Each structure stands twice: as structure tokens, then as C-alpha cells.
Amino acid sequence: MSVSTVAADQSVCAPLPVLGRDVSVPLVTGGEVTYAALDYAASAPALQRVWDDVAAYAPYYGSVHRGAGYLSQLSTDLFENARVTVAEFLDCREDDQVVFTRSTTDSLNLLAAALPAECQVFVFETEHHASLLPWQDARVTYLDAPRGPGEAVAILERALAGRDPRGPALVCVTGASNVTGELWPVRELAAAAHAHDARIVLDAAQLAPHRPVSVRDLDVDWVAFSGHKLYAPFGSGVLAGRSDWLREAEPYLAGGGASRKVARRADGGVDVEWHESAARHEAGSPNVIGAYSIAAACKALTEEGFERIVSRERHLIRTVREGLAEVPAVRVLSLFGDDAPRVGVISFVVEGWNSSHFAAALSAEYGIGVRDGLFCAHPLLRTLLGSDPQTQGECGAPEAAPGEKSLNAIRVSFGAGTPDEHVERFVRAVKELVRDGAQWRYRTEGGRCVPAV
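Criteria and thresholds
Residues numbered from 1 in each chain as written. Predicted model: local features only at pLDDT ≥ 70, side-chain atom pairs only at ≥ 80, totals over all residues. Heavy atoms only, no water. Helix = DSSP H or I, 4+ residues; strand = E, 2+ residues; numbered from the N terminus. Rg over C-alpha atoms; globule rule 2.2 N^0.38 Å. Buried < 20%, exposed > 50% of the residue type's maximum accessible area, 1.4 Å probe, protein only. Contact = heavy atoms within 4.5 Å. Phe/Tyr/Trp six-rings, centres within 6.5 Å; stacked < 30°, edge-to-face > 60°. Core = buried A, V, L, I, M, F, W, Y, C linked by side-chain atoms within 4.5 Å. Expected span 1.5 Å × (residues − 1). Arc of directions from axis to C-beta. Patch = residues over 30% accessible without salt bridge, like charges linked within 9 Å, V, L, I, M, F, W, Y side chains within 5 Å. Areas by Shrake-Rupley, 256 points an atom, 1.4 Å probe, with all protein chains shown as cover. Salt bridge = Lys/Arg side-chain N within 4 Å of Asp/Glu carboxyl O. Pairing = 2+ DSSP bridges. Axes fitted to C-alpha atoms, helices over the stretch in contact; angles between N-to-C directions. Parallel < 35°, antiparallel > 145°, perpendicular 65-115°, else oblique. Left-handed = near helix turned anticlockwise from the far one by under 90°. Nonpolar A, V, L, I, M, F, W, Y, C, P; charged D, E, K, R; others polar. pLDDT = per-residue confidence, 0-100.

Undergrad: I'm lost on the overall build of the protein chain in this one. Help?
TA: The helix and strand inventory of the protein chain stands at 14 helices and 19 strands. At 23 Å, the protein chain has a C-alpha radius of gyration in line with the 22 Å of a compact globule built from 453 residues. Principal axes of the C-alpha set define a box for the protein chain whose edges measure 80 × 55 × 45 Å. By residue count, 55% of the 453 residues in the protein chain fall in the buried class. Within the protein chain, residue pairs in contact and separated by at least 24 positions form 72% of the contacts whose partners lie at least 6 positions apart.

Undergrad: How should the packing of aromatic side chains be read in this particular structure?
TA: Two aromatic rings, taken as a pair, are described by how far apart their centres are and by the angle between their planes. Inspection of every chain in the model, using the stated rule, returns 11 aromatic pairs. Following the ring pairs from residue to residue traces out a cluster consisting of Phe348, Trp353, Phe358 and Phe426.

Undergrad: Help me understand the nonpolar core, please; the structure alone is not making it clear to me.
TA: Side chains of nonpolar character tend, in soluble globular proteins, to be buried together. The biggest cluster of nonpolar side chains holds 87 residues, and the ones touching the most others in it are Val86, Leu90, Leu156, Leu202, Phe225, Val238 and Leu381. Top contributing element to this core by residue count: helix H10 (residues 288-304), with 10 residues. Setting aside residues no more than four positions away along its own chain, Leu90 makes contact with Val213, Ser214, Val215, Val223, Phe225, Val238 and Ala240. In terms of nonpolar packing, the next biggest core, distinct from the first, is built from 33 residues, Ile317, Val327, Val330 and Val350 among them.

Undergrad: Honestly, helix H6 (residues 149-161) in this entry has me stumped. Any pointers?
TA: Every α-helix carries 3.6 residues per turn, so stepping three or four residues along brings you back to the same face. When the terminal C-alpha atoms of H6 are compared, their 19 Å separation across 13 residues agrees well with the 18 Å that a helix rising 1.5 Å per residue should span. Taken as a whole, H6 has its buried residues at Ala152, Val153, Ile155, Leu156, Ala159 and Leu160. The arc that holds the buried residues of H6, viewed along the axis, is 160°, so those residues lie on one side. With respect to the buried face of H6, the exposed residues turned more than 90 degrees away are Gly150, Arg158 and Ala161. Where H6 is buried, its residues touch strand E5 (120-124), strand E6 (139-143), strand E7 (169-174) and helix H7 (186-195).

Undergrad: Explain a nonpolar patch on the surface here, please?
TA: Together, Tyr60, Tyr70 and Leu71 line one region of the surface with nonpolar side chains, adding up to about 350 Å² of accessible area. By secondary structure assignment, the location of Tyr60 is in the loop between helix H2 (48-57) and helix H3 (70-89). Assessed through its relative accessible area of 43%, Tyr60 is described here as partly exposed.

Undergrad: What exactly am I supposed to notice about the environment of Ala377 here?
TA: Take Ala377: it is sitting in the loop between strand E16 (371-373) and helix H13 (378-385). Sequence separation between Ala377 and Arg411 is 34 residues, and the spatial gap between their C-alpha atoms is 12 Å. Those residues within four positions of Ala377 in sequence are excluded, and the remaining contacts are Glu127, His128, His129, Asn178 and Val179.

Undergrad: When you look at the pairing of strand E18 (residues 442-445) in this model, what are you seeing that I'm missing?
TA: Residues in a regular strand point their side chains to alternate faces of the sheet. Bridge count for E18 against strand E19 (residues 448-451) is four bridges, and the pairing is antiparallel. Looking across to E19, one finds that Arg443 is bridged to Val450. Hairpin geometry of E18 and E19 is characterised by an intervening segment of two residues between the two adjacent antiparallel strands and by a positive phi of about 60° at Gly446.

Undergrad: Even after reading the chapter, I still don't get the sheet that holds E16, so can you show me in this structure?
TA: Picture the strands of a sheet paired through backbone hydrogen bonds; they go either parallel or antiparallel. Strand order in the open sheet formed by four strands is E13-E14-E17-E16, with antiparallel pairing between adjacent strands. The outermost strands of the open sheet, each flanked by one partner alone, are strand E13 (330-332) and E16. Averaged over all pairs of adjacent strands, the angle between their axes in this sheet comes to 30°, without regard to strand direction. Pairing of E13 with strand E14 (residues 345-350) involves three bridges; the strand directions are antiparallel. Residue pairing for E14: Val330 is matched across the bridge by Val350. Lying on the sheet, helix H11 (residues 306-325) is in contact with E13, E14 and strand E17 (409-413); it crosses E14 at an angle near 10°.

Undergrad: Would you mind going over the packing of H3 against H10 with me for this structure?
TA: A pair of packed helices is characterised by two quantities: the angle between their axes and the separation of those axes. Axis separation between H3 and H10 bottoms out at 8 Å; the angle between their running directions is 40°. Judged by the angle between their axes, H3 and H10 are oblique. In this structure, the crossing between H3 and H10 has a hand that is left-handed. Within the contact between the two elements, H3 uses Ser75, Leu78, Phe79, Ala82, Thr85, Val86 and Phe89 and H10 uses Val288, Ala291, Tyr292, Ile294, Ala295, Cys298, Lys299, Leu301 and Thr302. Class assignment of the residues belonging to the contact of H3 with H10 gives a composition of 12 nonpolar, three polar and one charged.

Undergrad: Just to check I follow, could you spell out the confidence of the model for the protein chain for this structure?
TA: In regions of low pLDDT, the predicted coordinates are not meant to be interpreted in detail. Per-residue pLDDT for the protein chain averages 93, and the proportion of residues at 70 or more is 93%. Considering only residues more than four positions removed or in separate chains, one finds that residues 1-8, a stretch of pLDDT under 50, has nine contacts. Confidence drops under pLDDT 50 across residues 388-394; counting only partners more than four residues distant or on other chains, this segment forms 17 contacts.

Undergrad: Just checking my understanding: could you explain H10 for this structure?
TA: With 17 residues, H10 extends 24 Å between its outermost C-alpha atoms, agreeing within 8% with the 24 Å of an ideal straight helix rising 1.5 Å per residue. In terms of burial, H10 is largely enclosed, as 12 of its 17 residues are buried. The complete set of buried residues in H10 reads Val288, Gly290, Ala291, Tyr292, Ser293, Ile294, Ala295, Ala296, Ala297, Cys298, Ala300 and Leu301. For H10, the secondary structure elements touched by its buried residues are H2, H3, strand E4 (97-101), strand E9 (222-226), strand E10 (237-241) and H11.

Undergrad: Is there a simple way to explain the pattern of salt bridges in this structure?
TA: Side chains that carry opposite charge are capable of pairing whenever their charged atoms lie near each other. Scanning the model with the defined rule gives 26 salt bridges in all. A salt bridge links Arg411 to Asp39; the shortest N-O distance between them is 3.5 Å. Of the two residues, Arg411 sits in strand E17 while Asp39 sits in the loop between strand E3 (36-37) and H2, which places them 372 residues apart along the sequence. Each member of the pair, Arg411 as well as Asp39, carries the same accessibility label: buried. Two residues, Glu445 and Arg443, come together in a salt bridge whose shortest N-O distance is 2.8 Å. Owing to a relative accessible area of 33%, Arg443 belongs among the partly exposed residues under this scheme. In the salt-bridge network here, residues are joined through shared partners; they are Glu118, Arg139, Asp164 and Arg166.

Next up, the structure:
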């Protein structure tokens, strides 16, 4: 499908207006160029509509709950309505709770703190560290990286069949890989978990900005995601799902807002009655603007329509993958294979280049922002790269662990706000760098590859 065909196809949306779309950056070779933000998997730029909604509300915000003033009451209504909007966006069940947090990482750590005693946790080694690491206080079983969706289900089923049936169990799985972009068989994994009396939490950080997420349809027990990947500003996140474990756990933070009643005892101590609602885990003055911005992003994406967003993203994915396939030195990383459905996240290595050096050249010489390294998914990258020799390149090679080669990759990611020109410039830049080499000299500074001055 050509660019002109895409523009004429009404089922494919135009890029959504985002902040920073007109920002110019200097090039080391001279002049300036419009910045191509292709690091959506780390943080997507805020939608202009979301920013405008927040700016319109900002003069009216006040502390929520218990405030008698008009602005406090207005903010309380906005905060609680944001909870309703998020629940609708996720198609939550009637008795599910929506807890506002700081991020996906915060959400999963909250759930980890709420696990019942003797809970067993099952997590694939392919997870982002946000969903790989919070379970240290539980009995954790780390599952090997599967090489296909069916194998993922089979691995989980075998592990659950051998678990101790006397205690509760939880499965943690990503919806879309932050390294390969590949979609995971969440519905099938949820069915396997429930068949063995286990619950499942979905890390939707990379899924929710690209695909509709239905708690009911996927039949997951919890879902976690971050606002800053959903085209909202930094600092807000969501944990949504079943209320019982959250209601029975000690508050994630102790303080005002989480407590319903506090009284001194005759012996001088303090008795506390905690809320049973989401407020139980939202102690302190909440991030009202963060919650409101997430709700605004949910509304914007819903009204735009995921069918149109997905159609456009598939066009961008095809442009990048076909372009990279024309460069023999490039190897795209994948667990499930080239035909696996995926979101706009693609990682690759370039023969003869250290990835930090290549990413630095993309930025300094072309105004393109990508990511390099191990993407907070070290076990997965070691699985994908461990058998390949890694060329150190001129600079930027991260220090390897004892007995281990230096491993790193390049990740390009995009979404609803990405113009065609950005991915076309990226493909052209990859081809030129591989063919002609960098035009500038680079050096290592603080572990990063930077242009030499």
C-alpha cells in the first residue's frame, strides 16, 4: 500500500496531533531538521488534545475528597469520573477496582505487595523488568522464552500442572513485547491459568496504546499500564481488576486518604480502619492531573477508533520491515517469527556496528530518536542475541558482565502520532549509514556514544 493509497483510505487515520511534532533539532553536519520521535515504546508524546484538556482544567484544580470548596469538589468529580472512564476503556467487570498509580512498574509492585501468603508466581523470562522483578518476596517460577504463541501456552500449562495446589497462584504476562512488538496469546494464557486455579495479571504497557484491551474478553484478573505510553504526560498509571486481594492486603502506602477511621487506644497505641475501595492504595494527595490526563487519552483513542489506528500502524510497520529487509547487514529480532502479529516496536542489530554508535549517528546526523541497549528486558535480549557475535564498534559499547559478551540492540518504535516521513527518513538513514558509514566521529562519554567535538 503506497502513501497516497493510505491517505485516500478512510479506514486509516492520519497521524494524531502530538506535542513536539514541529520541534527542530540541530544536526552535527549542519542545519536543523524536524525531530523524528521513534521511541514510543519508552514514552509516547502526549496527544495535543490531552494536553489541551489538562491545560483547560489546570486553573480549576484542587485537592480531592473532603474539600468543601468548589474547586475541591470539582476536582473530586473529575478524579472519580476519570476512574469510570478508565474502567470503560478497559471494559472492566462491575466489581473491579481501578487504582491510580505512578506507572506500570508501580502498579505491579502494588499487586506484588497485595499477594496472599504463600502465593506462587509464574512469569516468563521474556518480560520487561517491571513485570519480571516485583515478585521477589513470593515463590517465583521463571519460565523459558517460548518460540511461538502455542509453545507459550504449553510451557505455562506444564508449569501450572506441577505447582503446589495448596496455595494461590498468579501468572504475569505481557500483552505486547517491548523488544519485538510481538503480540502474546493473552486470552489462551488466561484460560490456562484459570484451568489450574491461578489468576493472571496483564502488563498492557505496550498493548493499550496500540490495541483495544478488554478485561472481560481477555478474561484477565488485573491489567496494568502507564499513562506516558498512552499519550498522556509522565507520572501516572493504572492497576485495574479484581478487588478481593487488594481489599484484603495492607495498604500499599499508609497515610491520609487510605484510612477511614483512626483512633487512639487506651494503651497509647493507634487503631486504624482502612478503606476497602481503591482509596485503600491511594494514600496521600493523589495525582489528579495525571488521572485526568489518562482519562482524556482513553477518550481520545476511543473516539478516534482503534480500527483506524491499527490500520495506520500496520502500514508503518510494513514500511519499516520492508525497508530493513533490503539491508543484508540488518537482523530484526523476533521470538515468534516474521509472520507474528505485532505492534509498532521493532528491534534489530546491524553487522559491524555497535548499537549505541548506530543510534547516536541516527540522532546526530538525521535527527531521529531511537533507543539502544537491552531495553529493561535483559534476559530476553540475552536469549535473542546470546549466540551472535557482537562487534564493539567505535564507541558506546556497554560493559559486559564477567564471562559475557557485550550485548545491545537498536529499537525503533512508533504509534498514532507518527508521520510517514519519520519512518521513511529512518529507513533511508539506516541504508545510508550501512552503505557509507557515519559522517562524524564519535566517542564514549558516561557510557554513551556521543559526537566528538
